[in-house]
Amino acid sequence: MTDAVFLLSGQLTKTGHRLVQRVYYEDTDFSGLVYHARYLHFLERGRTDYLRCLGCQQSDLLAADEEGLVFVVHRMEIDFKMPAKMDDALTILTTTEKAGGAKMVLSQEIRRGDTLLIAAKVVIAVINRHGRPRRLPESVAEKFLQPSN
């Protein structure tokens, strides 16, 4: 991975992943605050770039074997603590609570500096290319459980 791609994708930490994103006009509603559904976009970017930094490209996982490996959001709980507004620099933090079997559980936060804006728990189902549950390979699970190695 080139340094430029790595910088765009955030960075791995001892506990997971950190990504900084700017709030743009398109992220806000008429009040000037971030529209609630846009937080889903920020959280998805955090999860996708976490995978990228771990060396797990989603297209490669799908093509890795005959069965294919796909991650889909099964359940998401979001607590909206405080709003973000245009021009804020947001930090999206993603950590792994569980990785194994046919699911992963990720905790995510969106912060503005030290202020917690969003707390989310995301249950990811692991399925094959035909939509059936499959086990997460141990080699992939280990990456999520020890991200900074």
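For clarity, every value in this text was computed on a predicted model and none was experimentally measured. (Residues numbered from 1 in each chain as written. Predicted model: local features only at pLDDT ≥ 70, side-chain atom pairs only at ≥ 80, totals over all residues. Heavy atoms only, no water.)

Count 3.6 residues to each turn of an α-helix, and residues three or four apart come out pointing the same way. The terminal C-alpha atoms of helix H2 (residues 38–53) lie 23 Å apart, and with 16 residues this matches the ideal 22 Å at 1.5 Å per residue to within 8%. Among all positions in H2, only Arg-38, Tyr-39, Phe-42, Leu-43, Gly-46, Arg-47, Asp-49, Tyr-50, Leu-51 and Cys-53 are buried. One or two steps after H2, the chain reaches Gly-55, where phi turns positive at roughly 85 degrees. (Helix = DSSP H or I, 4+ residues; strand = E, 2+ residues; numbered from the N terminus. Expected span 1.5 Å × (residues − 1). Buried < 20%, exposed > 50% of the residue type's maximum accessible area, 1.4 Å probe, protein only.)

This paragraph deals with the pattern of salt bridges. This structure, assessed with the given rule, holds 10 salt bridges. Of the charged contacts, one joins Arg-75 and Glu-77 as a salt bridge, the two residues approaching to 3.3 Å between their closest N and O atoms. Connected through salt bridges with shared partners, the residues Glu-26, Asp-27 and Arg-38 form a single ionic network. (Salt bridge = Lys/Arg side-chain N within 4 Å of Asp/Glu carboxyl O.)

Per the UniProt record, "domain: Thioesterase" (unreviewed entry) is found at residues 32–118. The distance separating the terminal C-alpha atoms of residues 32–118 is 17 Å; by composition the span is 25% helix and 43% strand. (UniProt positions renumbered as here; feature names shortened; annotations may be inferred.)

The subject of this paragraph is the environment of Phe-144. Within the secondary structure layout, Phe-144 lies in helix H4 (residues 138–145). For Phe-144, a relative accessible area of 2% translates into the label buried. A sequence separation of 24 residues divides Phe-144 from Ala-120, and the C-alpha atoms of the two residues are 17 Å apart. Those residues in contact with Phe-144 that sit more than four places away from it in its chain are Tyr-50, Leu-51, Leu-54, Phe-71, Thr-96, Ala-99 and Met-104. (Contact = heavy atoms within 4.5 Å.)

So, about the sheet that holds strand E4 (residues 89–100). Backbone-to-backbone hydrogen bonds join strands into a sheet, with any given pair of strands oriented parallel or antiparallel. Pairing within the open sheet is antiparallel, and its 6 strands lie in the order E1-E2-E4-E5-E6-E3. The sheet terminates laterally at strand E1 (11–12) and strand E3 (70–80), the two strands that pair on one side only. The sheet contacts of H2 involve E1, strand E2 (16–22), E3, E4, strand E5 (103–112) and strand E6 (115–127), and relative to E2 the element is tilted by about 135 degrees. Along the sheet, H4 makes contact with E3, E4 and E5, crossing E4 at roughly 135 degrees. (Pairing = 2+ DSSP bridges. Axes fitted to C-alpha atoms, helices over the stretch in contact; angles between N-to-C directions.)

The sheet contact formed by E4 and E5 spans 9 bridges and is antiparallel. Of the residues in E5, the one forming a bridge with Thr-96 is Leu-106. Relative to E6, E5 runs antiparallel, the two being bridged by 10 bridges. The residue of E6 that forms the bridge with Arg-112 is Thr-115.

What follows is about unusual backbone geometry. Positive phi is not limited to glycine here, since Asp-87 has a value of about 80 degrees. Tracing the backbone shows Asp-87 in the loop between E3 and E4. Residue classification places Asp-87 among the exposed residues on the basis of a relative accessible area of 51%.

This brings us to the packing of aromatic side chains. Here the structure, examined in full by the defined rule, presents 3 aromatic pairs. With a centroid separation of 5.4 Å and 85 degrees between ring planes, the pair formed by Tyr-50 and Phe-144 is classed as edge-to-face. Highlighted residues: Tyr-50 in helix H2 and Phe-144 in helix H4, separated in sequence by 94 residues. With a centroid separation of 6.2 Å and an interplanar angle of 80 degrees, the aromatic rings of Phe-71 and Phe-144 are classed as edge-to-face. Of this pair, Phe-71 sits in strand E3 while Phe-144 is found in helix H4, placing the two residues 73 residues apart along the sequence. Overall, the relative accessible area of 16% leaves Phe-71 in the buried class. An aromatic cluster of three or more residues is present, and its members are Tyr-50, Phe-71 and Phe-144. (Phe/Tyr/Trp six-rings, centres within 6.5 Å; stacked < 30°, edge-to-face > 60°.)

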